[in-house]
Amino acid sequence: MELVEAQIQTISKEQLQLISSEQQCMEALFSAKWPDGFRCARCNHSHAYKITTRRLPLFECSSCHYQESLTKGTLMEGSRSDLRKWYHALLLFSHNPTGITALQLSAAIGVTYKTAWLILHKFRYCMGEADANTMLSGIVRVNCAMYGKPYNPSMERHPQEQPLLIGASVNDEGDPVYVKIKQVFQEHLLGRTIRPIGTRHFSDCHIEPDTDDLESVTARYSSRRFHRLLNVVKKAGQWINTTFHGIGPKYLQAYLNEYCSRLNLAIHGTSVFRYLIRLCVTIAPVTYASLLRSASRS
Ligand SMILES: [Zn+2]
């Protein structure tokens, strides 16, 4: 397989080697799924027989005979694509700091547009789920923001405008150390204004309940607004518009989750590839149908 994204130079020789054979991808997935060796999901026994009559091996517990496929419980569960394609997609997604479109991915790994779209949205789904389990804490700042038309002088909301809330745990200097950007639900809006129930919902879902240093700004032109947070939203919007040529409200949250995850990983110097591999084997699998359903509510 060729790497068509010539600008990606951070992929190591080992990682390139990995996607050269299905066998190596299976071994890599085995190690990610069972880092301390096989564990039976039913009885916790540590020895299994490997059954290799299928495309992907099955592992049968030698104590209770429970059978588990290599991809069961992982993001790849139920997928008909080779593991090589999944790992290739993971590498391209992880090592391209500006992200990758479904069209680029489909050409790079030789799958249909729909399959590429689904793979990328599964990665974004994982990132969103991991973020949902991470609460803001310490010093927390929240500000209202907008995705869409950069300048709209009218008081009415333009249909392309999406009201957002950005929240961040910040350090003593006010620099964000963990960032979330969330779409505000229609029922939490009054025109362009976020109703108090909207900020309360954000707090309930995303901020540790015992946070005592919390400030929220919900008036757009408040003199107290947090410029550092608004700058993050601006960059997120530019990224979405440049890489993906703009995203409608239905899938916007998935892209915001990807942006924030990449940013949070960069702040902490964590490898996107390693982080995603861990998520692939720890976040419960998701189907195409539920991705379509849940996109706007994540
Ligand atoms: Zn067992």
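Residues numbered from 1 in each chain as written. Predicted model: local features only at pLDDT ≥ 70, side-chain atom pairs only at ≥ 80, totals over all residues. Heavy atoms only, no water.

- In the annotation of an unreviewed UniProt entry, the entry for the protein chain reads Transposase, and the organism field reads Paenibacillus piri.

### Details of the sheet that holds strand β9 (residues 213-217)
- Strand order across the open sheet formed by four strands is β6-β5-β4-β9, with mixed pairing between neighbours. A strand with exactly one partner marks an edge of an open sheet, and here the two such strands are β6 (176-183) and β9. Put simply, the sheet's adjacent strands are angled 20 degrees from each other on average, direction ignored.
- Bridging between strand β5 (residues 162-170) and β6 involves seven bridges; their strand directions are antiparallel. (Pairing = 2+ DSSP bridges. Helix = DSSP H or I, 4+ residues; strand = E, 2+ residues; numbered from the N terminus. Axes fitted to C-alpha atoms, helices over the stretch in contact; angles between N-to-C directions.)

### Here's the deal with the coordination of the zinc ion
- Taken together, Cys-40 (SG), Cys-43 (SG), Cys-61 (SG) and Cys-64 (SG) make up the protein donors of the zinc ion, found 2.3 Å from the metal.
- Here the zinc ion is ringed by four donor atoms whose angles at the metal span 104 to 113 degrees, and the overall shape comes out tetrahedral.
- Ordering the donors of the zinc ion by residue number gives the pattern C-x2-C-x17-C-x2-C. One end of the pair, Cys-43, is in the loop between α2 (22-33) and β1 (48-51); the other, Cys-64, is in the loop between β2 (58-61) and β3 (67-69), and 21 residues separate them in sequence.
- On the basis of relative accessible area, Cys-43 is assigned to the partly exposed category, the value being 33%.
- Its relative accessible area of 24% is what places Cys-64 among the partly exposed residues. (Donors = N, O, S within 2.8 Å, 3.2 Å for Na, K, Ca; no water. Tetrahedral: all angles 85-135°; square planar, octahedral: opposite > 155°, others 65-115°. Buried < 20%, exposed > 50% of the residue type's maximum accessible area, 1.4 Å probe, protein only.)

### Here's the deal with helix α8 (residues 249-267)
- Look at α8: 27 Å from first C-alpha to last across 19 residues, which is about the 27 Å you get at 1.5 Å a residue.
- Within α8, 14 of the 19 residues are buried, which leaves the element mostly enclosed by the surrounding structure.
- One or two steps after α8, the chain reaches Gly-269, where phi turns positive at roughly 65 degrees. (Expected span 1.5 Å × (residues − 1).)

### Brief notes about the packing of helix α3 (residues 83-95) against helix α9 (residues 272-282)
- Closest axis-to-axis distance for the α3/α9 pair is 9 Å, and the angle between their directions is 135 degrees. Accordingly, the angle class assigned to the pair α3 and α9 is oblique. Between α3 and α9 lies a crossing whose hand is right-handed. Of the residues in α9, those in contact with Tyr-87, Leu-90, Leu-91, Phe-93, Ser-94 and His-95 of α3 are Val-272, Phe-273, Leu-276, Ile-277 and Cys-280.
- Considered class by class, the residues forming the contact of α3 with α9 number nine nonpolar, two polar and no charged. (Parallel < 35°, antiparallel > 145°, perpendicular 65-115°, else oblique. Left-handed = near helix turned anticlockwise from the far one by under 90°. Contact = heavy atoms within 4.5 Å. Nonpolar A, V, L, I, M, F, W, Y, C, P; charged D, E, K, R; others polar.)

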